[in-house]
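Structure assessment
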Amino acid sequence: MEGKENAMRKGGFGMAFFVWLFVLLSILSAALFTRVAYIGRPFGKLCTKTLASLCFLVVGILCASASPLGSGRAFYAVLMLIGLFCGLVGDVSLAYQEVFPRKKERYFLLGLGAFLLGHLSYIATFAFLPQAGALWLLVAALLFLALLCAQRFFKVELGNMRLPVYLYAATISLMAGLACGTAVGAQNLQGWLVCIAAWLFVFSDGVLALLYFGRPRGRWLTAANLGSYYLAQLLLALSIWLR
């Protein structure tokens with residue numbers, strides 16, 4: 001019996017090593033892509049972005065493997081992995097815009113749709129976690145109104161993308177609201193990880209809207225967008241394991 005417990009403990013340590021190894025690789029690959037985003041060619045950006053996004057998905061898979069999954073945890077892990085996979089698809093789709101500029105709008109909508117599905121997966125996950133009453137609904141409504149006000153303040157012209165972008169803004173507001181409710185209701189590390197990740201997504205997508213539709217100033221905006229986005233995905237992947 002002791003031998004079996006020792007073997008399980010060693011296996012757990014071994015899996016933890018690979019989790020943190022790929023966390024490090026994820027950070028390094030995201031930093032590499034951020035650098036290439038400034039000076040690289042479209043195909044180089046596509047390759048480095050795919051690598052960076054693949055790393056956070058691998059972290060999620062390793063975290064699921066390192067966790068003792070009961071029925072509730074398995075449900076959480078599966079939905080999180082679906083969300084992370086959708087993030088990978090969305091990232092690659094947006095990267096294809098520069099590789100095939102004539103199909104830019106098509107790849108943008110494909111990427112937006114993938115991110116939307118990813119956030120819906122996260123919403124489904126958070127909805128089954130402990131919530132702090134109706135706090136999530138209040139936060140979601142106020143955030144959506146704030147995003148609409150920010151659009152006017154920063155003079156973001158959405159053109160024919162207005163409807164899909166508004167739908168996406170409503171979805172991410174709902175996700176952030178539920179994440180806040182989870183943090184307050186669950187009162188554990190997992191709850192705070194998903195809450196921080198959700199608000200990093202809000203910040204990242206706000207900056208991305210400025211880059212796509214506004215009048216961006218300063219190269220730091222790209223670094224802010226990518227850094228907050230990859231950190232958000234990494235925190236969500238780790239939330240499968242760290243509770």
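Residues numbered from 1 in each chain as written. Predicted model: local features only at pLDDT ≥ 70, side-chain atom pairs only at ≥ 80, totals over all residues. Heavy atoms only, no water.

A few words on the environment of A124. The residue A124 is located in helix 4 (residues 104–127) in this model. Each C-alpha atom of the pair A124 and M80 lies 9.4 Å from the other, and the pair is 44 residues apart in sequence. In this view, A124 contacts F75 and L79; residues no more than four positions away in its chain are not counted. (Helix = DSSP H or I, 4+ residues; strand = E, 2+ residues; numbered from the N terminus. Contact = heavy atoms within 4.5 Å.)

Now for unusual backbone geometry. A positive phi angle is found at K155, which is not glycine, with a value near 55°. Looking at the element boundaries, K155 is found in the loop between helix 5 (135–153) and helix 6 (162–186). A positive phi angle, close to 55°, is found at Q187, a residue other than glycine.

In this section: the state of the cysteines. Scanning the model with the defined rule gives zero disulfides in all. Note on C63: no disulfide assigned, nearest cysteine sulfur contributed by C55 at a separation of 13 Å. Taking relative accessible area as the criterion, C63 reaches 0% and is therefore assigned buried. Summary of cysteine pairing: C149 is not part of a disulfide, and the nearest cysteine sulfur, belonging to C180, is at 18 Å. In this structure C149 comes out as exposed when scored by relative accessible area, which is 54%. (Disulfide = S-S within 2.5 Å. Buried < 20%, exposed > 50% of the residue type's maximum accessible area, 1.4 Å probe, protein only.)

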